[in-house]
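# Structural characterization, general
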Amino acid sequence: MTITKKAELLTAVFLAIAGAILLINLFGHMQFNIEALQFRVTAQINEKGYTEVEIPPLGTVRAHTHTAPLSVSLRLENIDLELIQQLLSNTSGRDEVIEQGKTVLRQVAAIFAVKLLALAALGGALGVFLTRKGSLKKYITGSMAGMLLAGALLATAYYTYNISAFRNPQYSGALRAAPWMVSLAQETFGKIETLSDNLEVIATNLNQLYERVDNLRPLGETTGELKVLHISDLHNNPAGMDFVLRMADLFDADMIIDTGDISDFGTPLETLLLEQLNHIDIPYFFIAGNHDSPAIINKMDQIPNVTVVNGLVEKNGLFFYGMSDPSSAGNTVTPPDLSTIPRLTRQLIDRIDQIAPQVDIALLHNDKMARSLAGHVPVILFGHNHRMAITQQEGSILINAGTSGAAGLRGLQTTQIPYSVVLLHFLPDERGQKRLVAADAISVSNQEQGFTLNRKRFDVREKLAP
């Protein structure tokens, strides 16, 4: 073989390999379903040798699982929530679902390997075509070179694959908290049922104390009284959700106002917790917090008796104006930049001033925005910083419900963050307009210390500062 022919052969093989790599990197992907979950698997030829699992919008988990310069990415594309609820409720069929999942994965791996080999063969032939000196023999040689490359990579990845590498993975995005989440799952999920029972006992005892407080310090004429339970920042805590619903029932609340962060990451999967709200039989007003998302808002909007407040709403003679946290419009959990709060507050004040009837209650999530609204609305309800407080400023009553979920599932690991709600009492004034006359700040510190109840009364004659 002459030097020229050897050079042509080497060039053809090089271009064949390059063509194989190109087609695999461009088209080396496929979609598949495992019951309620839809995935997309992708292969890329590079120097990494990682397996990566991507769960939007939470982030990725990856581990160095093999030595071959081939990275494999598995992305969760979609979740059928109705189907996954059926699977979770059918405890007898869970083992069968797991086995079916394993079978599907094996089948997908085989089909995907065949697809990669086919892409490599086609890419090899494409590389030969680019030499402009192709013949049938060269095309076959190019295809074989591409398939040998892909086969060698797949074989090396298979025989060196170490699934135990995921015991010490790398995290990115919100999943950087994954070690904490795994520890939480192992150490505290078993406490939920016990904690819910204890909170129910506390709520019952609190109701007895509450009746005594009412007898000792009556609010006066109760005709026309309206009770509003203000909650905030549940953060996916099922014990907190049970506690809130129990409190609303025991205190005979006429409505519930939730000022946001009912979820932690705003993912579609988190909407499963919201199913508990299907059982409420009183109005539930909700504005989204920075931890919520369009998926959470959409789910809340579909639940009977739940109203997602975006603007002016009237109920029982009271006018509410609600504004969701700007971050809830996307899938990030970052609160608004501090520099934007004055601008957002001015826009909100302009909207409220343009409304013909006076706004009785403003619903916000961010505490800084809420305080900036003082002097423009009689009552301002908010949350966000997990610090329960009732204050008066420039004629406005500012009420922060704290965190009704004890800062979320972290509350199952610590006794430092209390469960808190505020019960608001409205009575008609001499003109028949309902005014806030008292607020009961209710805080459950932990299972051992019990609870506190502080009532603050307000003079209905107080007016906003000019």
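It should be noted that the structure appears before, not after, this text.
Residues numbered from 1 in each chain as written. Predicted model: local features only at pLDDT ≥ 70, side-chain atom pairs only at ≥ 80, totals over all residues. Heavy atoms only, no water.

### Some points on the sheet that holds strand 16 (residues 396-400)
Strand order across the open sheet formed by 6 strands is 11-12-13-14-16-15, with mixed pairing between neighbours. Where the open sheet ends on each side, the last strands, each with one partner, are strand 11 (311-315) and strand 15 (389-393). Neighbour to neighbour, the strand axes of the sheet diverge by 20° on average, direction disregarded. By the bridge criterion, 5 bridges tie strand 11 to strand 12 (residues 318-322) in an arrangement that is antiparallel. Its bridge partner being in strand 12, Lys315 is matched across the sheet by Leu318. (Pairing = 2+ DSSP bridges. Helix = DSSP H or I, 4+ residues; strand = E, 2+ residues; numbered from the N terminus. Axes fitted to C-alpha atoms, helices over the stretch in contact; angles between N-to-C directions.)

### Description of a nonpolar patch on the surface
Where nonpolar side chains cluster on the molecular surface, the patch consists of Leu22, Leu26, Phe27, Leu126, Phe129 and Leu130 and spans about 590 Å² of accessible area. Elements supplying a minimum of two residues to the nonpolar patch: helix 1 (3-27) and helix 3 (94-129). No other element matches the 3 residues that helix 1 contributes to the nonpolar patch. Its place among the elements puts Leu126 in helix 3. (Patch = residues over 30% accessible without salt bridge, like charges linked within 9 Å, V, L, I, M, F, W, Y side chains within 5 Å. Areas by Shrake-Rupley, 256 points an atom, 1.4 Å probe, with all protein chains shown as cover. Salt bridge = Lys/Arg side-chain N within 4 Å of Asp/Glu carboxyl O.)

### Details of the pairing of strand 8 (residues 255-258)
Going residue by residue along strand 8, you find Met255 and Ile257 tucked away on one face and Ile256 and Asp258 tucked away on the opposite face as well. Of the pairings in the sheet, the one linking strand 7 (residues 226-231) to strand 8 comprises 4 bridges and is parallel in character. Looking at the pairing, His230 lines up with Ile257 of strand 8. The β-α-β motif built from strand 7, the intervening helix 7 (residues 238-250) and the parallel element strand 8 has right-handed crossover chirality. Sheet topology places strand 8 next to strand 9 (residues 284-286); 3 bridges connect them, and they run parallel. Of the residues in strand 9, the one forming a bridge with Ile256 is Tyr284. (Buried < 20%, exposed > 50% of the residue type's maximum accessible area, 1.4 Å probe, protein only. Right-handed = clockwise from strand over helix to strand, strands pointing away.)

### Digging into the nonpolar core
Grouped together as the largest cluster of nonpolar side chains are 33 residues, with contacts concentrated most on Leu229, Ile231, Ile262, Leu277, Tyr284, Phe286 and Met300. When contributions to this core are tallied by element, the ones reaching two or more residues are strand 7, helix 7, strand 9, helix 8 (294-302), strand 10 (306-308), strand 17 (419-428) and strand 18 (434-446). In this view, Ile231 contacts Val244, Ile256, Ile257, Asp258, Thr259, Tyr284, Ala401, Ser404 and Val421; residues no more than four positions away in its chain are not counted. One finds Val309, Ile397, Leu424 and Leu436 within the second-largest nonpolar core, a separate group that totals 24 residues. (Core = buried A, V, L, I, M, F, W, Y, C linked by side-chain atoms within 4.5 Å. Contact = heavy atoms within 4.5 Å.)

### A word on helix 8
Among the residues making up helix 8, those that are buried are Ile296, Lys299 and Met300. Viewed end-on, helix 8 has its buried residues packed into an arc of 100°, placing them on one side of the element. For helix 8, the exposed residues set more than 90 degrees away from the buried face come down to Asp301 and Gln302. In this structure, the buried residues of helix 8 make contact with strand 9 and strand 10. (Arc of directions from axis to C-beta.)

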